Amino acid sequence: MDAGDAMEKGQPERGSPKIQDESLTVPLIQDKKTGSKAPAVVLAFECLESTAFNGIGTNLVVYLETVLHGSNLASASSVTSWFGTSYLTPIFGAIVADTFWGNYNTILVSLLVYLLGMMLVTFSAFLPTTELCGVGSSCHPVLGSQNVAFLGLYLVAFGSGGVRAALLPFGAEQFDDDNAVDRERKMSFFSWFYICVDFGMIISGVFIVWIQQNISWGLGFGIATACVALAFGGFVLATPMYKRRMPTGTPLKSLGQVVVAAFRKVSLRVPADAGLLYEVHDMIEQPKIAHTDEFGFLDKAAVVAESDDPEEVTNDAAAAAAGSSSWRLCTVTQVEELKILLRLLPIWATSIVLSAAYAQLNTTFVQQGGVMDMRVMSSLTVPAASMVSFEVLCVLAWVLIYDAVILPALRAISPARGEPSQLQRMGAGRLLMACAMAVAALVEMRRLDAAGRGESISIAWQMPQYFVLAGGEVFCYIAQLEFFYDEAPETMKSMCTSFALLTVALGSYMSSLIYAVVDALTATGGGGRPGWISDNLDEGHLDYFFWTMAALCTLNFVVYSGFARNYKVKTVVS
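Bear in mind that the values here come from a model prediction, so they are computed numbers and not experimental data. (Residues numbered from 1 in each chain as written. Predicted model: local features only at pLDDT ≥ 70, side-chain atom pairs only at ≥ 80, totals over all residues. Heavy atoms only, no water.)

Q: Before we move on, could you go through the overall build of the protein chain and cite the residues and values that matter?
A: When helices and strands are tallied, the protein chain shows 16 helices and four strands. Among the 574 residues that make up the protein chain, the fraction classed as buried is 52%. Taking contacts inside the protein chain between residues at least 6 apart in sequence as the whole, the part at least 24 apart equals 84%. Per element, the accessible surface of the protein chain, about 24800 Å² overall, is 65% carbon and sulfur. (Helix = DSSP H or I, 4+ residues; strand = E, 2+ residues; numbered from the N terminus. Buried < 20%, exposed > 50% of the residue type's maximum accessible area, 1.4 Å probe, protein only. Contact = heavy atoms within 4.5 Å. Areas by Shrake-Rupley, 256 points an atom, 1.4 Å probe, with all protein chains shown as cover.)

Q: Run through the side chain of S86, naming residues and quoting values.
A: With respect to the helices, strands and loops of the structure, S86 is situated in helix α3 (residues 72-124). For S86, a relative accessible area of 0% gives the class buried.

Q: Report on helix α10 (residues 332-358), specifying residues and quantitative values.
A: Relative to the 39 Å expected for 27 residues at 1.5 Å per residue, α10 spans 39 Å between its end C-alpha atoms, a close match to the ideal helical length. Most pronounced at L345, the bend in α10 amounts to some 35°, and the proline P346 follows within four residues. In terms of burial, α10 is a largely internal element, 22 of the 27 residues being buried. (Expected span 1.5 Å × (residues − 1). Bend = angle between axes of the 7 residues up to and from the residue.)

Q: I'd like a description of the nonpolar core, backed by residues and values.
A: Grouped together as the largest cluster of nonpolar side chains are 128 residues, with contacts concentrated most on Y63, W82, F235, M437 and F545. Among the elements that line this core, the one with the most residues is α3, at 15 residues. When residues are assigned to domains, this core turns out to be shared by domain 1 (33-131 + 141-247) and domain 3 (338-523 + 530-568), each giving three or more. Every residue in contact with W82, bar those within four places of it in the chain, is listed here: F53, I56, G57, L60, L153, Y154, V156 and A157. Of all hydrophobic cores here, the second largest spans 19 residues; its members include A165, A301, A302 and M495. (Core = buried A, V, L, I, M, F, W, Y, C linked by side-chain atoms within 4.5 Å. Domains from an automatic or database assignment.)

Q: Lay out the pattern of salt bridges with the relevant residues and their values.
A: Following the criterion strictly, the structure yields eight salt bridges and no others. For the salt bridge of D299 with K339, the shortest nitrogen-to-oxygen distance reads 2.8 Å. Of this pair, D299 sits in the loop between α7 (252-264) and α8 (310-313) while K339 sits in helix α10, and the two are 40 residues apart along the sequence. K339 carries the same exposure label as D299, and that label is buried. When the shortest N-O distance is used, the salt bridge between R453 and E455 registers 3.1 Å. The network of salt bridges with common partners includes D299, E336 and K339. (Salt bridge = Lys/Arg side-chain N within 4 Å of Asp/Glu carboxyl O.)

Q: Go over the packing of helix α1 (residues 38-57) against helix α4 (residues 145-172), please, and point to the residues and values.
A: Viewed as axis vectors pointing N to C, α1 and α4 meet at an angle of 155°, and their least axial separation amounts to 11 Å. In terms of orientation, α1 lies roughly antiparallel with respect to α4. Here α1 and α4 pass one another in a crossing that is left-handed. Across from V42, F45, E46, E49, F53 and I56 in α1, the residues of α4 making contact are L153, V156, S160, V163, R164, L167, F170 and G171. Taken together, the residues of the contact of α1 with α4 break down into nine nonpolar, two polar and three charged. (Axes fitted to C-alpha atoms, helices over the stretch in contact; angles between N-to-C directions. Parallel < 35°, antiparallel > 145°, perpendicular 65-115°, else oblique. Left-handed = near helix turned anticlockwise from the far one by under 90°. Nonpolar A, V, L, I, M, F, W, Y, C, P; charged D, E, K, R; others polar.)

Q: Which residues make up the side chain of T85, and what values go with them?
A: Mapping T85 onto the fold places it in helix α3. Given a relative accessible area of 9%, T85 falls into the buried group. Within the structure, the side chain of T85 is placed 2.6 Å from the side chain of Y509, a separation counted as a polar contact. Ignoring anything within four residues of it in the chain, the contact list for T85 reads Y154, A157 and Y509. (Polar contact = N/O pair within 3.5 Å; in protein donor to acceptor, adjacent residues only side chain to side chain.)

Q: Please give an account of the packing of α7 against α10 that cites residues and values.
A: Where α7 meets α10, the closest approach of the two axes is 9 Å, and the angle between their N-to-C directions is 100°. Comparing their axes, α10 and α7 come out roughly perpendicular. Facing α7, whose interface residues are S254, L255, Q257, V258 and V259, α10 presents Q334, V335, E337, L338 and L341. Within the contact of α7 with α10, the residues separate by chemical class into six nonpolar, three polar and one charged.

Q: Which residues make up the packing of aromatic side chains, and what values go with them?
A: Counted according to the given criterion, the structure contains 25 aromatic pairs. Aromatic pair F365 and Y466: ring centres 5.4 Å apart, planes at 80°, arrangement edge-to-face. Of this pair, F365 sits in helix α11 (residues 364-370) while Y466 sits in helix α14 (residues 463-487), and the two are 101 residues apart along the sequence. With respect to burial, F365 and Y466 carry one shared label: buried. (Phe/Tyr/Trp six-rings, centres within 6.5 Å; stacked < 30°, edge-to-face > 60°.)

Q: Lay out the environment of I208 in plain terms, naming residues and giving numbers.
A: The residue I208 is located in helix α5 (residues 180-214) in this model. C-alpha of I208 to C-alpha of N54: the two residues are 154 residues apart in sequence and 9.1 Å apart in space. Residues contacting I208, with those up to four places away along its chain left out, are T51, G55, I203, G220 and I223.

Q: Outline a nonpolar patch on the surface, supporting the account with residue identities and numerical values.
A: A cluster of nonpolar side chains, namely W210, I215, L219 and I223, defines an oily patch on the protein surface of about 370 Å² accessible area. Inspection of the secondary structure puts L219 in helix α6 (residues 217-237). (Patch = residues over 30% accessible without salt bridge, like charges linked within 9 Å, V, L, I, M, F, W, Y side chains within 5 Å.)

Q: Provide a residue-level description of unusual backbone geometry, including the pertinent values.
A: Excluding glycine, a negative phi dihedral is what most residues carry, and trans is how most peptide bonds are arranged. For F295, which is not glycine, the phi dihedral falls at a positive 50°. Positionally, F295 belongs in the loop between α7 and α8.

Q: Account for the environment of V399, with residues named and values stated.
A: Residue position: V399 is located in helix α12 (residues 387-413). For the pair formed by V399 and A470, sequence separation is 71 residues and the distance between their alpha carbons is 9.8 Å.

Written as structure tokens, this is what we have:
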């Protein structure tokens, strides 16, 4: 599911807010008081955007198979590639928002791209899916529904990426951190934003999916498109309510300065006393990070050489960022910011495998449910794609179970340790994801056994795998966003939480790669073996695929545990 991005890193000057001069800028109303309705507008916006995005994504694999006549394998691969791109583009959206446009303008432009893509996807549902033949026997290819659909889908991926990168930080900056009431409302805002994401998934999974499969694909996509149009109109009309901040430039420059300064001083020795390393102590607004012993080579960037003049390097934060001397001498905080990113990399990498398993929610889980008996309790018919809504309800159930049952039990067993750390919760999520794949394999074994007897089992058998997968999502993804946000340097909050979302993108791409490898190793052409993921799942072995994913997730959990056990969390000294 969609997760939130980080807050904007820019800080306005006290008493004299910065006004943007770009042509896209709308006049800014300053000195907003508490009780602004802007956060409520952002939450309503997210409800509509989540409904629209999931109105396409939830049932996309079925659309590609039944309307565009794609194979099971090709359709699953196309969906995971598209989801991957949708979670890759927030990185570029964050860079654009932080460096050039700011959050408001990034959302505005992204919405236009988003709306155009949605219109093309809707239009594709009304186009022919085959070539048109003229007089005689000649047939001429036309710009058919498949071309238009994929063009629209990838415009949606880029548009939603920009929105996903900027919307949550834009909503967060509507609050005043110096006001106690606003700080409390801001904490609630993040929780409500997460609920709005789930709300969109439920609406799309229950209503839009039913309309697509029982009335018209065009009508279903049209409703999703209308949601984006309504969100766009409401966002623009509410412009006078918003507070906005200027972009402050890319934070990547500071990282480059550390690397260059360290190599320039490769021959120098780092002093044993870390207190001798260079740091600026008269900057109140910039938190200082405690020195660590890891990646000692980078400490050379903070070694004060005879040729360095600390007064020339920085008189304030702006001079430190702009002065050429900062490529020769960096502060301990700058060095530690780069070390934090290096320590996060192994944790981040293990999230890719987790996301590859999570990608089965919208692909192989839906395909598995599509060949089951979709009747529940003999009268209620549940489309396979609508089971995603059940997973969302399970997410909410897991949140309640964690707060009401798991957390009190852990505190009763070990009062001294209290709540599990973010790293521990992420580890539990990885283990639960492996269990979800194992449960899916057991369900598929039962389904294949019933199919061999000419019978069909109910789609309700999928509920346990969706429930366990939802637990993995709650423990891992929520904790992962919190962890990356807390560990991120102050100037890189948006970037780091966007990198957390990047694991979803790379996991989707990894899932597509796994499909290709499985097909290459298990399928035989020329009428031979159909492979594990066959167009006719009764002839394939989807259970073997799920067992393979369970083994991969288990190995990933073991690797993660090693890195998490030795991870040193960030310590802010001032």
